[in-house]
Amino acid sequence: MPLRTAERSSLVGRVIDQLRSLIESGEWPIGTKIPAEPMLVESLGVGRNTVREAVRALVHNGMLEPRQGDGTYVRADDDLGAAMLRRLRRSGHLEAIEVRASLERDAARLAALRRTPADIRALRAAMARREAAWAERDDEKLITADIDFHRIAVAAAHNGMLADLYGHLTEGLRAVLETIVHSALTEEERYQHPSHQALVDAIESGDPDAAQRCVENYLGASVNSVRTLQDADE
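For the structure given in this document, a descriptive report is provided here. (Residues numbered from 1 in each chain as written. Predicted model: local features only at pLDDT ≥ 70, side-chain atom pairs only at ≥ 80, totals over all residues. Heavy atoms only, no water.)

## Description of the overall build of the protein chain
The helix and strand tally for the protein chain stands at 12 helices and 2 strands. For the protein chain, the N- to C-terminal ordering of α and β elements is α-α-α-β-β-α-α-α-α-α-α-α-α-α. Taking the intrachain contacts of the protein chain between residues at least 6 apart in sequence as the baseline, contacts between residues at least 24 apart amount to 69%. (Helix = DSSP H or I, 4+ residues; strand = E, 2+ residues; numbered from the N terminus. Contact = heavy atoms within 4.5 Å.)

Shown next as C-alpha cells:
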C-alpha cells in the first residue's frame, strides 16, 4: 500500500490511520524498521511535527517501538497485539510460560488431529533450522528458529483465533528464551531437543495425547530453568 499525501484537516489523525493501515496490512511487518522521519514527511506531504505526533501516538499505543540510535520498529500489527505486549511487560517470565502452556497444549492436540502433509513438511523444515542454529551455537538464530518452530506447530491446529493469540505472545516468548539461552544452564536444559522432535513425531502420527505430553515436557523444563535462574539471582 503506497503512502499518499494526507489532507490538511485532522492531519495527525489521518497520518495515524495511514501508518496503522500499513502495519495492519503487513506492508510493514512486525520486526521491521519503518522509514525515517524525512522520508515519511516527503511521502505524506505533511510537516515533521505531524509525523512525530502520529508516530508518538502509535508508540504509546504499543504498535511501534523507538530504539535509541537505530530508528522505530513495528512491535504489533493490531490493537490486541499492542495490548498484550503492554500486559506482558508487567508480567513475569513464569506467567508468560503458563499462558503459553495453555495455548500450546490445546494447539498440539488439535494439530495431531488436523495436520496436513504440508504442515508436517513445514514442521520438519522448522526443526531442521532449529537444529542448524544449535549446531552453529548461534543464540539469536536459535531463538528465532525456536519461535518459528512453535508458531508453525500452533498453525497446524488450523484455528485462526488460536494462532493469532499465540502470535501476539511472540515478544514475551522471546524474552523468556533470551533469559534461558543466555544463561549458564546445561546444553540439555537450554536446547530440549528430544521433546521438540517427539512433538513433531506425535503430530505426524496423529496422537493428541502424546503431543500434549511433549508440550508439558518441554514447557516443564522451561519452568524449571526459569526458576533455577530466579533462585540464582536471589
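From this point on, the discussion continues.
## Examining empty space enclosed by the protein
Overall, the coordinates contain 2 cavities of 30 Å³ or more when judged by the stated rule. There is about 50 Å³ of room inside the second largest cavity. In terms of lining, the second largest cavity is formed by E104, A107, A108, H150, A153, V154, L199, I203 and Y218. Put simply, the parts of the chain that give the lining of the second largest cavity at least two residues each are α5 (93–114), α7 (139–155) and α11 (193–205). (1 Å grid on protein atoms, 1.4 Å probe; cavity = no way out; pocket = protein on both sides within 12 Å on 5 of 7 lines; lining within 4 Å. Points joined across faces, edges and corners; volume = space filled by probe spheres on them.)

## Description of the pairing of strand β1 (residues 64–67)
Both β1 and strand β2 (residues 71–74) contribute to a ladder of 4 bridges, which runs antiparallel. Within β2, the residue paired with L64 across the bridge is V74. Count of turn residues in the β1/β2 antiparallel hairpin: 3 residues, of which G69 carries a positive phi of about 75°. (Pairing = 2+ DSSP bridges.)

## A look at the packing of aromatic side chains
Any aromatic ring pair is given by two values, namely how distant the centres are and how the planes are angled relative to each other. For the structure shown, the criterion picks out 0 aromatic pairs. The ring of Y73 has R67 sitting right over it, with the charged end atom 3.9 Å from the ring centre. (Phe/Tyr/Trp six-rings, centres within 6.5 Å; stacked < 30°, edge-to-face > 60°. Lys NZ or Arg CZ within 6 Å of the ring centre and 35° of its normal.)

## Looking at unusual backbone geometry
The phi dihedral of H158 is positive, around 55°, even though this residue is not glycine. With respect to the element layout, H158 can be found in the loop between α7 and α8 (160–167).

## Regarding helix α2 (residues 37–44)
Because an α-helix packs 3.6 residues into every turn, residues spaced three or four apart end up facing the same way. Among all positions of α2, only L40, V41 and L44 are buried. Along the axis of α2, the buried positions cluster into a sector of 100°, meaning they face one direction only. Where α2 is buried, its residues meet α1 (11–24) and α3 (48–61). G45 sits one or two positions beyond α2 and adopts a positive phi of about 70°. (Buried < 20%, exposed > 50% of the residue type's maximum accessible area, 1.4 Å probe, protein only. Arc of directions from axis to C-beta.)

## Topic: the packing of α2 against α3
As a packed pair, α2 and α3 sit with axes 9 Å apart at the nearest point and diverge in direction by 110°. Looking at the two axes, α2 sits roughly perpendicular to α3. With respect to the hand of their crossing, α2 and α3 are arranged in right-handed fashion. Only R48, V51, R52 and V55 of α3 make contact with α2, whose side of the interface consists of E37, P38, L40, V41 and L44. (Axes fitted to C-alpha atoms, helices over the stretch in contact; angles between N-to-C directions. Parallel < 35°, antiparallel > 145°, perpendicular 65-115°, else oblique. Left-handed = near helix turned anticlockwise from the far one by under 90°.)

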